[in-house]
Amino acid sequence: MRKAGREIKNFDEIVDVISRCDTMRLGISDKDAPYIVPLSFGYEVLDGKLAIYFHGAKEGRKAELLRSLPRVCVEADLCHGFPSNGKGSYTCDYESVIGYGVVELLEGEEALKGVRLLNEHCGIIAEACPPEAMAVTAVNRVVLDELSGKHRNLGDPNA
């Protein structure tokens with residue numbers, strides 16, 4: 001990281017950033033260019049690593065790409081405003097997380113757990129996803145084997 005003072009090194013602090021994000025972007029490799037999709041998501045710490053859960057259709061471009069190239073990148077961020085840097089221009093106060101891992105398609109109880117975690121993170125109180133909806137929904141998990149966080153400023157005009 002070019003500006004080491006901005007790195008978030010503590011795992012729990014990175015999880016805290018994720019807990020406050022409402023959208024995550026999923027980067028998938030495609031033959032001509034990266035394919036990036038915004039996601040609603042759920043998460044948990046699983047065996048000391050951050051696991052991200054998301055869902056979508058069982059068919060379509062995202063599903064096809066994930067089957068053929070399951071190594072992905074995820075990114076989530078929070079923008080806290082654009083203060084003056086005191087030198088005649090402006091900067092951005094932010095927190096962000098980037099991670100890499102391999103997506104796996106979940107079935108059965110693991111898929112139901114993924115939907116429950118997604119709903120909880122999105123503030124949806126639901127008993128369960130109806131079977132007819134689960135029948136046409138792909139539930140995926142990516143356990144992040146590489147993870148980094150970064151923040152800028154957060155109110156410190158000298159940062």
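As a starting point, this report considers the structure included with it. Small disclaimer: the values here were computed from a predicted structure and weren't measured.

1. So, the environment of Glu75
Okay, step 1: Relative to the elements of secondary structure, Glu75 occurs in strand 6 (residues 71–81).
Okay, step 2: Taking the C-alpha atoms as reference, Glu75 lies 6.6 Å from Gly99; in sequence the two are 24 residues apart.
Okay, step 3: Setting aside its immediate chain neighbours within four residues, Glu75 contacts Met24, Arg25, Ser96, Val97 and Ile98.

2. Description of the nonpolar core
Okay, step 1: Judged by nonpolar contacts, the single largest core of 25 residues is most densely connected at Leu26 and Val142.
Okay, step 2: Among the secondary structure elements, those contributing two or more residues to this core are helix 1 (11–20), strand 2 (24–28), strand 3 (35–39), strand 5 (49–57), helix 2 (61–68), strand 6, strand 7 (93–106) and strand 8 (137–152).
Okay, step 3: Not counting the four nearest positions on each side in its chain, Val142 is found in contact with Leu50, Ala51, Ile52, Phe54, Val72, Val74, Gly101, Val102 and Val103.
Okay, step 4: Counting residues in each nonpolar core, the second largest holds eight residues, with Leu106, Leu117, Met134 and Val139 among its members.

3. Overview of unusual backbone geometry
Okay, step 1: If you check the backbone angles, Asp47 has positive phi at about 55° while not being a glycine.
Okay, step 2: With respect to the secondary-structure elements, Asp47 resides in the loop between strand 4 (42–46) and strand 5.

4. Remarks on the side chain of Glu44
Okay, step 1: Secondary-structure assignment places Glu44 in strand 4.
Okay, step 2: Within the local environment of Glu44, its side chain forms a polar contact with the side chain of Lys113, the two groups lying 2.8 Å apart.
Okay, step 3: Not counting residues up to four positions away in its chain, the partners in contact with Glu44 are Lys49, Leu50, Ala51, Tyr53, Lys113 and Leu117.

5. Looking at the state of the cysteines
Okay, step 1: In this structure the tally under the stated criterion is zero disulfides.
Okay, step 2: Of the cysteine sulfurs around Cys122, a residue in no disulfide, the closest is that of Cys21, at 12 Å.
Okay, step 3: Note on Cys122: relative accessible area 34%, which makes it partly exposed.

6. Description of the pattern of salt bridges
Okay, step 1: Counting across every chain of the model gives 13 salt bridges.
Okay, step 2: The salt bridge involving Glu44 is made with Lys113; its shortest N-O contact spans 2.8 Å. Taken as a pair, Glu44 in strand 4 and Lys113 in helix 3 (residues 108–121) lie far apart in primary sequence, 69 residues in all.
Okay, step 3: The shortest N-O distance in the salt bridge between Glu104 and Arg141 comes to 3.0 Å. On the criterion of sequence distance, the pair formed by Glu104 in strand 7 and Arg141 in strand 8 is long-range, its members being 37 residues apart.
Okay, step 4: The class of Arg141 is buried, set by a relative accessible area of 9%.
Okay, step 5: Overlapping salt bridges, with partners in common, bring together Asp16, Arg20 and Glu95 in one network.

7. Describing helix 2
Count 3.6 residues to each turn of an α-helix, and residues three or four apart come out pointing the same way.
Okay, step 1: Lys62, Ala63, Leu65 and Leu66 are the residues of helix 2 that are buried. Along the axis of helix 2, the buried positions cluster into a sector of 165°, meaning they face one direction only.
Okay, step 2: Along its buried surface, helix 2 packs onto strand 2, strand 3, strand 5, strand 6, strand 7 and strand 8.

Each value, and the rule that gives it
Residues numbered from 1 in each chain as written. Predicted model: local features only at pLDDT ≥ 70, side-chain atom pairs only at ≥ 80, totals over all residues. Heavy atoms only, no water. Helix = DSSP H or I, 4+ residues; strand = E, 2+ residues; numbered from the N terminus. Contact = heavy atoms within 4.5 Å. Core = buried A, V, L, I, M, F, W, Y, C linked by side-chain atoms within 4.5 Å. Buried < 20%, exposed > 50% of the residue type's maximum accessible area, 1.4 Å probe, protein only. Polar contact = N/O pair within 3.5 Å; in protein donor to acceptor, adjacent residues only side chain to side chain. Disulfide = S-S within 2.5 Å. Salt bridge = Lys/Arg side-chain N within 4 Å of Asp/Glu carboxyl O. Arc of directions from axis to C-beta.

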